[in-house]
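Fold and geometry: a report
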Amino acid sequence: MTSDTQPYQPRRACCSEMLPVRGMQYHLRRWQPAQPDPELPLLVLAHGWMDVAASWQFVVDAFSQAFAQGRTIVAHDWRGFGLSRPAAPCDSYYFTDYLADLDMLLEQLSPGRPVDLVGHSMGGNVSSWYAGARPGRIRRFVNLEGFGMPDVPAERTPRRLAQWMDELRTQREGGMGLAPYAGVEAVADRLQKTNRRLPRDKALWLAHHWAAPDRADGLWRILGDASHKIVNPYIYRADEATACLRAITAPMLAVEASDDSLGQWYKGRYTLEQYHERMQLVPQCRIAVVQDAGHMLHHDQPRAVAQLIEEFLGAP
């Protein structure tokens, strides 16, 4: 579908930079104020699965002038997403690599000083584990729909390992690729199909950052490694996740959308009630709900999400 709609115009400009992280170059977007306030902690935004750092632009634009003035904000592309690509081809990605990547990023971006951390979906899950493993590095933590997953019994380990090896074989045979798109308008169509609330202007703007044209054939391809589709060989153990939640010392705000993402994904195998029980394990945690929003709540209601973040982070 084509349209006469112009792409969204960001209110706050950012710069793009690359940082060395564990043998690869990590892509970073930085919203730098004209006069940074050294008293304000760095605000770090962590995107979700098959997303990119640019996904945060709408929330950054929605921050009030009083909040954004003097505050440095950064968002990174996780390894294998956006412009953060491993130096060598990778056939599998591991959850713990994201933790180590985040640790090294923060060492460079805010050495010796805690940061404010906001994570969405996969980025929220990674950040939850990191906040428990490195409690001294986080001043305040906002988790947007980073629910975690249902517990997987240890008895399923042989089946999971076999599935992982089977998918690696399928990948080698060319069966794990991501579908190409005819042009940027088609990419925008795909984004709007996934999220019915996403306006066309924002879909077009995101499409230019979520995908790029291939020089070989001109088709647009998602800036995400297809290897992310391969199942993790390690089963998800809820007792490990909850141990990290208990170890979080930073005040935490858990934000969820009015649409029940867990109900749609897990069909009763993991519910909001069970998620709320896990949140009760965090020493200082409160829950907020964003109305008229789905899983991509920072796209659906950026102003409401920005306001929650502002109110929670407060003064240093």
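A brief look at the structure comes next. Think of each chain on its own: its residues are numbered from 1, step by step along the sequence as written. Whole-chain, interface and lining totals are the exception, using all residues; otherwise, since this is a predicted model, local features are given only for residues with pLDDT of at least 70 and side-chain atom pairs are given and counted only at 80 or more. Here the side-chain values reflect all heavy atoms present in the structure, with hydrogen atoms and water set aside.

1. Structural notes on the overall build of the protein
Selection rule: Put simply, DSSP marks the helices as runs of H or I at least four residues long and the strands as runs of E at least two long, and each gets a number from the N terminus on. Just to be clear, the radius of gyration here is over C-alpha atoms, and the globule rule we use is 2.2 Å times residues to the power 0.38. Working definition: with a 1.4 Å probe on protein chains only, accessible area under 20% of the residue-type maximum means buried, over 50% means exposed, and in between means partly exposed. Contacts are residue-level and defined by heavy atoms, with any inter-residue pair within 4.5 Å sufficient.
Per the secondary structure count, the protein includes 12 helices and 10 strands. Computed over the C-alpha atoms, the radius of gyration of the protein is 19 Å, within 12% of the 20 Å expected from 2.2 N^0.38 for a compact globule of 316 residues. Buried residues in the protein amount to 54% of all 316 residues. The contacts in the protein between residues at least 6 apart in sequence include a share of 78% that link residues at least 24 apart.

2. As for the pairing of strand β3 (residues 43-46)
We count it as follows: Think of it this way: DSSP has to see at least two bridges between two strands before they count as a pair.
Side chains Leu-43 and Leu-45 project from β3 onto one buried face, and the interleaved Val-44 and Ala-46 project onto a second face that is buried too. Taken together, the four bridges between β3 and strand β4 (residues 73-76) define a ladder with parallel strand orientation. Paired with Leu-45 across the strands is Ala-75, a residue of β4. Here four bridges tie β3 to strand β5 (residues 115-120), and the two strands are oriented parallel to one another. Opposite Val-44, over in β5, you have Leu-117 as the bridge partner.

3. Notes on the packing of aromatic side chains
As a reminder of what qualifies: Here a Phe, Tyr or Trp ring, Trp counted by its six-membered ring, pairs with any other such ring whose centre lies within 6.5 Å, and the pair is stacked when the planes are under 30 degrees apart, edge-to-face when over 60, and tilted otherwise. Whether a charge sits over a ring comes down to the Lys NZ or Arg CZ being within 6 Å of the ring centre and within 35 degrees of the ring normal.
All told, the structure shown has 11 aromatic pairs when counted by the stated rule. When the centroid spacing of 4.9 Å and the interplanar angle of 85 degrees are considered together, the rings of Tyr-8 and Phe-58 count as edge-to-face. You can see Tyr-8 sitting in the segment before β1 (15-21) and its partner Phe-58 sitting in helix α1 (residues 57-62), a full 50 residues away along the chain. On the accessibility criterion, Tyr-8 (13% relative accessible area) is buried. The structure contains a cluster of three or more aromatic residues connected by ring pairs, namely Phe-147, Trp-265, Tyr-266, Tyr-270 and Tyr-275. The cationic tip of Arg-71 hangs over the ring face of Phe-67; the distance from NZ or CZ to the ring centre is 3.9 Å. Taking the ring centre of Phe-312 as reference, the NZ or CZ of Arg-140 above it sits at 5.2 Å.

4. Comments concerning the environment of Arg-29
As for its placement among the helices and strands, Arg-29 is situated in strand β2 (residues 24-31). We classify Arg-29 as buried; its relative accessible area is 10%. Considering only alpha carbons, one finds Arg-29 and Trp-265, 236 residues apart in sequence, at a separation of 31 Å. With near-sequence residues (within four places) excluded, Arg-29 lies in contact with Cys-14, Cys-15, Ala-53, Ala-54, Gln-57, Ile-73, Val-74, Ala-75, Trp-205 and His-209.

5. Examining the nonpolar core
The nonpolar side chains of soluble globular proteins are, as a tendency, buried together. What counts is decided by this rule: By nonpolar core we mean a set of buried residues, namely Ala, Val, Leu, Ile, Met, Phe, Trp, Tyr and Cys, connected to one another through side-chain atoms within 4.5 Å.
Counting 64 residues, the largest nonpolar core has Trp-78, Ile-138 and Val-187 as the members making the most contacts within it. With residues up to four places along the chain from it excluded, the contact list for Ile-138 reads Pro-114, Val-115, Leu-117, Tyr-130, Ala-131 and Ala-250. Within the second largest apolar cluster, 29 residues are counted, among which are Ala-62, Phe-67, Val-290 and Ala-293.

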